[in-house]
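Commentary on secondary and tertiary structure
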Amino acid sequence: MPEARQRGARVLWVLLWAAAVRSYNVDVGRPVIFRGPNGSFFGYSVLQHYHDSTRWVLVGAPKAESKYSASVQSPGAVFKCRVHTNPDRRCTELDMGRGNSRGMLCGKTCKEDRDDEWMGVSLARQPKAGGSVLACAHRWKNIYYETEYILPHGFCNIIPPDLQSKGKKLLPCYEEYKKKYGEEHGSCQAGIAGFFTKELVIMGAPGSYYWTGTVKVLNLTDNTYYKLNDDAVIARRYTYLGYAVTAGHFSQPTATDIVGGAPQDGGIGKVYIFRTDRQSGSLIKIFQASGKKMGSYFGSSLCAVDLNSDGLSDLLVGAPMFSEIRDEGQVTVYINRGNGVLEEQLTLDGDSAYNAHFGESMAALGDIDDDGFPDVAIGAPKEDNYIGAVYIYHGDANGIIPQYSMKLSGQSINPKLRMFGQSISGGVDMDSNGYPDMTVGAFLSDNVVLLRSRPVITMDITIFLPISINITAPQCHDGLQLVNCLNVTVCFRFSGKHVPGEIGLNYNLTADVAKKEKSQQPRVYFVTSGETAGQITEKLQLTFMQEKCEHYLAYVK
């Protein structure tokens, strides 16, 4: 009865007040808050991790002391926080087998200095069951030539899925007999950003070639590194390429392409996408985009996510220091049109709050609202005078919905949080309810917050009305007066994943909404308990997937 429904929509409307609303299913009322050592920057990076049936929140604390390296000054640490059976919300440091004394040999012309190495500056996970973890320390130094040069190479550790054994150490910038600071990879600071695919380890190295920067990509299958040889990219000094990295399916659904941000390039910032060429072992540029404003730090955060579920990755690029007044921040959304061609769709800016640094961090959340499209979170850690906030945006068939669906304010979760939104991790169902959850770091207060997604109830509502009314033959009585009337049937049915078997529903049935909105006298009304009313308020019990209908008589003046 499409015609009847369409006509009815002009006369009547159902307004639903339901406990579960599509856009607001992140539960801020029951946060799980973990706390780390004071002043350790606990929460500078976060990572949701699972192994078998155990769920962990892994936390980078790059200024922490390490109980496994007691003689090293503030080397930083990675902590594991079990989600279940952990009533005290205790977190324990991972033993990564790092040395405990200065000057330990790490190669023919390599001696390590781990003071202030910033372990935990970045964390990443292999996207598969039984996935390993990447943890990096970009300020790790080679002091073999310390009388002439101290070389901040940086290093990363691949931690096994069970988090037990000590893992594999990566020194992507160390080369024998290379000793000059600045030249080649002497000051590369690898691992300031990291990303993990099934077979590639991607580490940003913004200090290489006198801070031109580069992206270090290790193929785990054959233990070889891809090289970036593009003269047009590496000839530009002080661009900080590798400050942010990610990867996705940009050129085709089966390919894995690498993304690197260069936030200082030309003063406005750039982002590059490279394909991996196995034959030559090199990274080949297939796309680039530039920022729009000097000093915006465009490219300092990246998020590859298939927003429209077409099998190709789309790209979000953060510019957290984009300013109209001061550092409000901005994120540019690029939609993939195929074959590595990306088209700018729009820019996002949250609430354009003063000094918010919106876009400082971003994370793909998975499909938290169960609509078939992935969702993303964007951090604004300096909003509200450094308390911070996180904004949630929904993907859709066209790319991304421009208006955020939910704002998670650090102030409302816990007013003691500071820099909430500096780091975000999502996409893992941490409480086994069928919906992915999200974890947010607030490193300036040494906190990490796990926020769980509640099940989404989809409500189907149908209004049935007569196709026409014969106004020349009134059929009803309102008191002694003959009036026109019509039967109204309203039917409800709810569905969803992992939802209760029964729900209670409160709803309002409002007559002649169009006239009411214009403050005009409605022509349609109901009679309840002998009184005329423009709205009926009802309660209803519904059973999963079972339609229930209510019948009303409406009068027409």
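Nothing here was measured: the structure is a model prediction, and the numbers come from that model.

Before going further, it helps to spend a moment on the overall build of the protein. Secondary structure summary: the protein contains six helices and 41 strands in total. Taken across its 557 residues, the protein has 54% of its residues classed as buried. For the protein, the exposed area adds up to about 24,200 Å²; of that, 48% sits on carbon and sulfur atoms. Distance between charge centroids for the protein: 3 Å, based on 56 positive and 58 negative side chains.

This next bit is on the UniProt feature "domain: Integrin alpha first immunoglubulin-like" (unreviewed entry) in the protein. In the numbering used here, UniProt assigns the "domain: Integrin alpha first immunoglubulin-like" (unreviewed entry) feature to residues 453–557. The annotated region residues 453–557 carries 5% helix and 59% strand content, and the separation between its end C-alpha atoms amounts to 47 Å.

Moving on, we get to the UniProt feature "repeat: FG-GAP" (unreviewed entry) in the protein. When the UniProt feature table is mapped onto this chain numbering, "repeat: FG-GAP" (unreviewed entry) sits at residues 28–90, 284–343, 344–402 and 407–468. Between the end C-alpha atoms of residues 407–468 there is a gap of 45 Å, over a span that is 6% helix and 52% strand.

This paragraph deals with the sheet that holds strand β5 (residues 77–82). Strand order in the open sheet made by the four strands is β3-β4-β5-β6, with antiparallel pairing throughout. Every interior strand has two partners, whereas the edge strands, β3 (45–51) and β6 (91–93), have only one. Recorded for the sheet is a direction-independent mean angle of 30 degrees between the axes of neighbouring strands. Sheet topology places strand β4 (residues 54–61) next to β5; six bridges connect them, and they run antiparallel. Within the sheet, the bridge partner assigned to Trp 56 lies in β5 and is Arg 82.

Moving on, we get to the packing of aromatic side chains. Evaluation of the coordinates by the stated rule reveals 22 aromatic pairs. Centroid distance Phe 41 to Tyr 44: 6.3 Å. Interplanar angle 10 degrees. Geometry classified as stacked. For Phe 41, a relative accessible area of 18% gives the class buried. Both rings, one in Phe 358 and one in Tyr 391, keep their centres 5.3 Å apart while their planes meet at 80 degrees; by these two values the pair is edge-to-face. In this pair, Phe 358 is assigned in the loop between β25 (342–348) and β26 (361–366) and Tyr 391 in strand β28 (residues 389–396), connecting sequence segments 33 residues apart. Tyr 391 sits in the buried class, given a relative accessible area of 0%. One aromatic cluster is present, formed by Phe 41, Tyr 44, Trp 118 and Phe 443 through successive ring pairs. Over the ring of Phe 155 we find Lys 169; its NZ or CZ atom is 5.0 Å from the centre of that ring.

Another aspect to go through is the sheet that holds strand β31 (residues 420–428). The strands that make up a sheet are held in pairs by hydrogen bonds between backbone atoms, and each pair lies either parallel or antiparallel. The strand order across the open sheet formed by four strands is β2-β33-β32-β31, and the pairing between neighbours is antiparallel. In the strand order of this sheet, the two ends are held by β2 (26–35) and β31, each with one partner. Here the strands of the sheet are splayed against their neighbours by 25 degrees on average, with no regard to which way each runs.

At Tyr 210, a position not held by glycine, the phi torsion is positive, near 55 degrees. Here Tyr 210 lies in helix α2 (residues 208–211). Of note, the phi angle at His 357 is positive, near 55 degrees, even though the residue is not glycine.

Moving on, we come to the side chain of Ser 74. Within the secondary structure, Ser 74 sits in the loop between β4 and β5. Looking at Ser 74, its side chain comes within polar contact range of the side chain of Glu 65, at 2.7 Å. Beyond its immediate chain neighbours, meaning those up to four positions away, Ser 74 contacts Pro 62, Lys 63, Ala 64, Glu 65, Asp 116 and Glu 117.

The next subject is the domain arrangement of the protein. Along its sequence, the protein is carved into domain 1 (39–228), domain 2 (302–454) and domain 3 (458–556). The straight-line distance from the C-alpha centre of domain 1 to that of domain 2 is 25 Å. Facing 17 residues of domain 1, the contacting portion of domain 2 comprises 22 residues. Where domain 1 abuts domain 2, roughly 1,500 Å² becomes buried across the two surfaces, and 62% of that area is made up of carbon and sulfur atoms. Per-residue buried area on domain 1 facing domain 2 is highest for Phe 42, Val 46 and Gln 48; these three make up 43% of the total on that side. The interface formed by domain 1 and domain 2 contains twelve residue pairs in polar contact (both at pLDDT 80 or more). Listed by contribution, the elements that provide at least two residues to the side of domain 1 that touches domain 2 are β3 and β4. Residue composition of the side of domain 1 that touches domain 2, by class: ten nonpolar, six polar and one charged.

What follows concerns the state of the cysteines. Scanning all chains against the criterion turns up six disulfides. Between Cys 81 and Cys 91 runs a disulfide, and the two sulfur atoms are separated by 2.1 Å. Because the torsion about its S-S bond is 110 degrees, the bridge between Cys 81 and Cys 91 counts as right-handed. Here Cys 81 is found in strand β5, whereas its partner Cys 91 is found in strand β6, with ten residues between them in sequence. Under the relative-accessibility criterion, Cys 91 is labelled buried at 16%. Looking at Cys 303, it has no disulfide partner, and the nearest cysteine sulfur is the one in Cys 136, 18 Å off. Classification of Cys 303 by relative accessible area gives buried; the value is 5%.

About the thresholds
Residues numbered from 1 in each chain as written. Predicted model: local features only at pLDDT ≥ 70, side-chain atom pairs only at ≥ 80, totals over all residues. Heavy atoms only, no water. Helix = DSSP H or I, 4+ residues; strand = E, 2+ residues; numbered from the N terminus. Buried < 20%, exposed > 50% of the residue type's maximum accessible area, 1.4 Å probe, protein only. Areas by Shrake-Rupley, 256 points an atom, 1.4 Å probe, with all protein chains shown as cover. Lys, Arg positive; Asp, Glu negative; His and termini not counted. Charge placed at Lys NZ, Arg CZ, Asp CG, Glu CD. UniProt positions renumbered as here; feature names shortened; annotations may be inferred. Pairing = 2+ DSSP bridges. Axes fitted to C-alpha atoms, helices over the stretch in contact; angles between N-to-C directions. Phe/Tyr/Trp six-rings, centres within 6.5 Å; stacked < 30°, edge-to-face > 60°. Lys NZ or Arg CZ within 6 Å of the ring centre and 35° of its normal. Polar contact = N/O pair within 3.5 Å; in protein donor to acceptor, adjacent residues only side chain to side chain. Contact = heavy atoms within 4.5 Å. Domains from an automatic or database assignment. Buried area = accessible area lost by both parts, 1.4 Å probe. Nonpolar A, V, L, I, M, F, W, Y, C, P; charged D, E, K, R; others polar. Disulfide = S-S within 2.5 Å.

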